[in-house]
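Fold and geometry: a report
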Amino acid sequence: RIVLITPADAMNTNAANALLKTLEEPSGGAYLILINDQVNRLPATIASRCQKITFAQPDKAARFALIADDAMRAKTFKAFTLALDVGSDRIKLMADLSKSESIIILDYILSFLSDLLKTQLAIDAENVLNQDYIDTFSKLKTRTSIAQNAQLMNYVQQQRSAICHGINFNKQLLLESIIARWGQ
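Once that is clear, we can look at the overall build of the protein. A tally of helices and strands in the protein yields nine helices and two strands. In the protein, the succession of α and β elements from N to C terminus is β-α-β-α-α-α-α-α-α-α-α. Within the span of the protein, comprising 184 residues, buried residues form 34% of the whole. A sequence separation of at least 24 residues applies to 74% of the contacts in the protein between residues at least 6 apart. Only carbon and sulfur atoms are counted for the fraction: they give 55% of the accessible area of the protein, which is about 11200 Å². Mean positive and mean negative side-chain charge positions of the protein (20 and 18 charges, respectively) differ by 3 Å.

Written as structure tokens, this is what we have:
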């Protein structure tokens, strides 16, 4: 038997305690795989009982290849680009996105904002993850402020963290809140 727990740091206290009991008294032939990108957020009692395997971050070309064909990424970026247009129906733009997993959408939004900030701060274009959107970021860099984008990025990161800690948001309202802040 193989059990995959991802993201492992999203467990609530009861789940973590149950896992700890399982780790203390393992059954034969079972493998528990905990996937986590922030090892310090995993309870120390659990982390100390696990074998840690660190995977290197893929190089830039591999990262780009992973995201280039993603239709949800394209929809998210299109929604954010169109939301700045006067008269755009922001609620309709977000309705389609709300059908996907919240964390994935928030990660795309964070990626979008990060690359836009890099463009606004004139950081080398090589450091932009979404290379296929460099022209879009160049067009948008004067339509939004650095401070506004940094505040929105902070807000999205807070919402992502809350979801990882088990808070159950209404996706549609969450996305509408983000897009309303974006268009201010």
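Don't stop here, the text continues.
What follows deals with the nonpolar core. One finds Ile109, Phe112, Ile178 and Trp182 to be the most contacted residues of the largest nonpolar core, which totals 33 residues. Mapped onto this core, the elements with two or more residues apiece are helix H4 (71-82), helix H5 (90-97), helix H6 (102-120), helix H7 (134-140), helix H8 (146-164) and helix H9 (171-182). Here this core takes 10 residues from H6, the largest share from any one element. If near-sequence neighbours (up to four positions away) are discounted, Trp182 is found in contact with Phe80, Ala83, Leu84, Phe112, Leu113, Leu116, Thr144, Gln148, Asn149 and Leu152. Ranked by size, the runner-up nonpolar core spans nine residues in total, among them Leu19, Leu23, Leu42 and Ile46.

By the secondary structure assignment, Tyr108 is in helix H6. Overall, the relative accessible area of 12% leaves Tyr108 in the buried class. With 34 residues separating them along the chain, Tyr108 and Ala74 place their C-alpha atoms 9.2 Å apart.

Scanning all chains against the criterion turns up eight aromatic pairs. Judged by centre distance (5.0 Å) and plane angle (70°), the rings of Phe77 and Phe112 are edge-to-face. Residue Phe77 is found in helix H4, and its partner Phe112 is found in helix H6; the two are separated by 35 residues along the sequence. Grouping residues by exposure puts Phe77 and Phe112 together as buried. Summarising the aromatic geometry, the rings of Phe80 and Trp182 are spaced 5.2 Å apart at their centres and angled 50° between planes, so their arrangement reads as tilted. Separated by 102 residues along the polypeptide, Phe80 in helix H4 and Trp182 in helix H9 bring together distant segments of the chain.

Let's shift gears to the pattern of salt bridges. Applying the stated criterion across every chain, the model contains five salt bridges. Residues Asp132 and Arg73 are paired through a salt bridge, measuring 2.4 Å at the closest nitrogen-oxygen approach. A residue pair is termed long-range when its members are at least 10 positions apart, and Asp132 in the loop between H6 and H7 and Arg73 in helix H4 qualify at 59 residues. Owing to a relative accessible area of 40%, Asp132 belongs among the partly exposed residues under this scheme. Note that Arg160 is salt-bridged to Asp107, the shortest N-O span being 2.5 Å. One end of the pair, Arg160, is in helix H8; the other, Asp107, is in helix H6, with 53 residues separating them in the sequence. Taking relative accessible area as the criterion, Arg160 reaches 19% and is therefore assigned buried. Of the residues examined, Asp107 reaches a relative accessible area of 31% and is grouped as partly exposed.

Rules and cut-offs
- Residues numbered from 1 in each chain as written.
- Predicted model: local features only at pLDDT ≥ 70, side-chain atom pairs only at ≥ 80, totals over all residues.
- Heavy atoms only, no water.
- Helix = DSSP H or I, 4+ residues; strand = E, 2+ residues; numbered from the N terminus.
- Buried < 20%, exposed > 50% of the residue type's maximum accessible area, 1.4 Å probe, protein only.
- Contact = heavy atoms within 4.5 Å.
- Areas by Shrake-Rupley, 256 points an atom, 1.4 Å probe, with all protein chains shown as cover.
- Lys, Arg positive; Asp, Glu negative; His and termini not counted.
- Charge placed at Lys NZ, Arg CZ, Asp CG, Glu CD.
- Core = buried A, V, L, I, M, F, W, Y, C linked by side-chain atoms within 4.5 Å.
- Phe/Tyr/Trp six-rings, centres within 6.5 Å; stacked < 30°, edge-to-face > 60°.
- Salt bridge = Lys/Arg side-chain N within 4 Å of Asp/Glu carboxyl O.

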